[in-house]
Amino acid sequence: MSLEIRYANHPEDSKHYTTEELRKHYLIEKLFVENEATLVYSHVDRIIAGGIMPVEKEIKLGAGKELGVSYFFERREAGIINIGGKGKVTLDSKEYILNNGDGLYIGMGCKDVKFESEDINNPAKLYFNSSPAHKAYPTRIITLEQANKVRLGEKENLNVRTINQYVHPAVCESCQLVMGMTILDPGSVWNTMPCHTHERRMEVYMYFNMDEESRVFHLMGQPQETRHVVMSNEQAIISPSWSIHSGVGTSNYTFIWGMCGENIEFTDMDHVNMKDMK
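All values derive from a computational prediction rather than experimental measurement. Every chain is numbered independently, its residues counted from 1 as its sequence is written. In keeping with the predicted nature of the model, local features appear solely for residues at pLDDT of at least 70, side-chain atom pairs appear and are counted solely at 80 or more, and the whole-chain, interface and lining totals rest on all residues. Only hydrogens and water are set aside; all other atoms, that is, all heavy atoms of the structure, feed into the side-chain values.

Participant: Before we move on, could you go through the overall build of the protein and cite the residues and values that matter?
Facilitator: Secondary structure follows DSSP: runs of H or I at least 4 residues long count as helices, runs of E at least 2 residues long count as strands, and numbering of each begins at the N terminus. The secondary structure content of the protein amounts to two helices and 24 strands. In summary, the protein has a C-alpha radius of gyration of 18 Å against a globular reference of 19 Å for 278 residues, a match within 12%. The principal-axis extents of the C-alpha atoms in the protein amount to approximately 55 × 40 × 35 Å. Burial here depends on accessible area, computed with a 1.4 Å probe over protein chains only, as a share of the maximum for the residue type. Under 20% is buried, over 50% is exposed, and the range in between is partly exposed. Classification of the 278 residues of the protein by burial places 56% in the buried group. Long-range contacts, defined here as pairs at least 24 residues apart, represent 71% of the contacts in the protein between residues at least 6 apart. Only the protein chains shown count as cover for residues, with accessible areas throughout obtained via the Shrake-Rupley method and a probe of 1.4 Å. Accessible surface computed for the protein: about 12500 Å², of which carbon and sulfur atoms make up 46%. Side chains of the protein carry 29 positive and 38 negative charges; the gap between the two charge centres is 2 Å. What the globule rule says is 2.2 Å times the number of residues to the power 0.38, and the radius of gyration is computed from C-alpha atoms. Contacts: residue pairs with any heavy atoms within 4.5 Å of one another. Only four residue types enter the charge count: Lys and Arg as positive, Asp and Glu as negative, with His and the chain ends excluded. Where a charge sits is defined by one atom per residue type, namely NZ (Lys), CZ (Arg), CG (Asp) or CD (Glu).

Participant: Would you mind going over the pattern of salt bridges in detail, with residue names and values included?
Facilitator: Should a side-chain nitrogen of Lys or Arg be within 4 Å of a carboxyl oxygen of Asp or Glu, the pair is scored as a salt bridge. A complete count under the given rule lists 13 salt bridges for this structure. Here Lys88 and Glu116 are joined by a salt bridge, their closest N and O atoms 3.6 Å apart. On the criterion of sequence distance, the pair formed by Lys88 in strand β7 (residues 87-91) and Glu116 in strand β10 (residues 113-117) is long-range, its members being 28 residues apart. You can call Lys88 partly exposed: its relative accessible area is 22%. For Glu116, a relative accessible area of 23% gives the class partly exposed. We note a salt bridge from Lys275 to Asp276, for which the minimum N-O separation is 3.6 Å. Here Lys275 falls in the exposed class, since its relative accessible area comes to 67%.

Participant: If you had to explain the sheet that holds strand β19 (residues 216-222) to someone new, which residues and values would you point to?
Facilitator: Strand pairing is assigned whenever DSSP identifies at least 2 bridges connecting the two strands. Read across the sheet, four strands follow the order β16-β22-β19-β20 without closing on themselves; strand pairing throughout is antiparallel. Of all the strands in the sheet, just β16 (190-191) and β20 (225-231) have a single pairing partner and so form its edges. Examined bridge by bridge, β19 and β20 share seven bridges and lie antiparallel to one another. Note on β20: the bridge partner recorded for His218 is Val229. Note on method: axes are straight lines fitted to C-alpha atoms, helices fitted across the in-contact stretch only, with angles between N-to-C directions ranging 0 to 180 degrees. Packed on one face of the sheet, helix α2 (residues 19-26) meets β19 and β20 and runs near 75 degrees to β20.

Participant: Before we move on, could you go through the sheet that holds β10 and cite the residues and values that matter?
Facilitator: Read from one edge to the other, the open sheet built from four strands follows the order β5-β10-β7-β8, with strand pairing classed as antiparallel. Looking along the sheet, the strands with just one partner apiece sit at the ends: β5 (59-60) and β8 (94-98). Pairing of β7 with β8 involves five bridges; the strand directions are antiparallel. Among the inter-strand pairings, Thr90 is bridged to a residue of β8, identified as Glu95.

Participant: A description of the side chain of His168 should follow, citing residues and the corresponding values.
Facilitator: Summarising the element assignment, His168 is placed in the loop between β14 (161-167) and β15 (178-184). Classification of His168 as buried rests on a relative accessible area of 11%. Among the polar contacts made by the side chain of His168, one reaches the main-chain amide nitrogen of Ala170 at a distance of 2.9 Å. In contact with His168, other than residues within four places in its own chain, are Val178 and Phe266. For the purposes of these results, a polar contact is taken to be a pair of N or O atoms within 3.5 Å, where, inside protein, one atom must be able to donate a hydrogen and its partner to accept one; residues adjacent in sequence count only when each atom of the pair is a side-chain atom.

Participant: Hey, could you go over the nonpolar core for me, with residue numbers and the actual values?
Facilitator: As a rule of thumb, soluble globular proteins bury nonpolar side chains together. Only buried Ala, Val, Leu, Ile, Met, Phe, Trp, Tyr and Cys residues count toward a nonpolar core, and they belong to the same one when joined by side-chain atoms within 4.5 Å. Counting residues in each nonpolar core, the largest one holds 32 residues, and the members touching the most others are Tyr127, Val204, Met206 and Ile256. Listed by contribution, the elements that provide at least two residues to this core are β4 (48-53), β14, β15, β18 (201-208), β21 (235-239) and β23 (254-261). Per-element accounting of this core gives the leading share, four residues, to β18. Residues contacting Ile256, with those up to four places away along its chain left out, are Ile81, Ile83, Tyr127, Met179, Gly180, Met181, Val204, Tyr205, Met206 and Phe208. Counting residues in hydrophobic clusters, the runner-up holds 26 residues, among them Leu3, Ala78, Ile80 and Ile106.

This is the structure in C-alpha cells:
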C-alpha cells in the first residue's frame, strides 16, 4: 500500500498557482496500478482517496505511521465502487463479491482487510474513499440497482444525468462519508452546473468511462476566481470546501463523487448564481 500525503491549501494561495502547481496539489493522476493500493491522504477533512487493483495476488490494507492507529479501520469508515471486473473483498474472514458497478460500505472496526480479483485478464478496479468515523455502522453491499436514483438536467443544457447515491442516508447509514456515481446520458457533457460550494464538506471527483482521446475540463476555485484542470480517464481531483467542482467533457462520461465533513446532508449546498461566476 502506498499512501501519499497532500496538505490543505488556502484559496488565496491557490489563486497564484500555475497549471503544474494546480495539478500537483489537487489532481490524482494515477489511481490504478497493478497489484497495488494507490491512496492519497488529504488533510482536507482527512479523506483518503485512491484505487486498489489486485491482479495476480491479493492486496492487504494496513495502517502505517501516517494514520497513527493499529489497523486501518480502527477509527475510519470507507466506501468502494468497483469499475472493473469481478472482485472480492474479505473483511475479518467474511467475503463480499463486487461485480462491475457494485458498491461496498465498510464500517469502522474491521481489522483484517484484503482485496482480490477473480480474473487476472479482467481485474477489479476498486475506487476507494475513506473518512474518519466515530461509530460502527453495518458493512453492506450496495448494487447499482439498489442505489437511490435522482434524475437531473435538460437536453437543451447538455447535462442530462442520473445521480446514483450509494453511501447516502436514503440507502446506507454512515458517520460522515457520502458517496455515489453520476452517469451522463449520451450527448450530455456538463456536470454540476449551475455549480455550488459547501463550506461544511469537501469532495473528491473521479472521472472514468472515457476513451483515450476524451478529456474533462474540471472547474475549480472560488466562484469569482475559477481555474480549470484538464483530466483524462480514471483520474481524481480533490475539491476543498471553498471550491466549486464542476466540469465539461469532450464526450459523455461517468464520475464517482465522495464527500466528508460536518454532515451527510446531500442537499446542503451553497448555490452559485451564473452571473456571479468569473
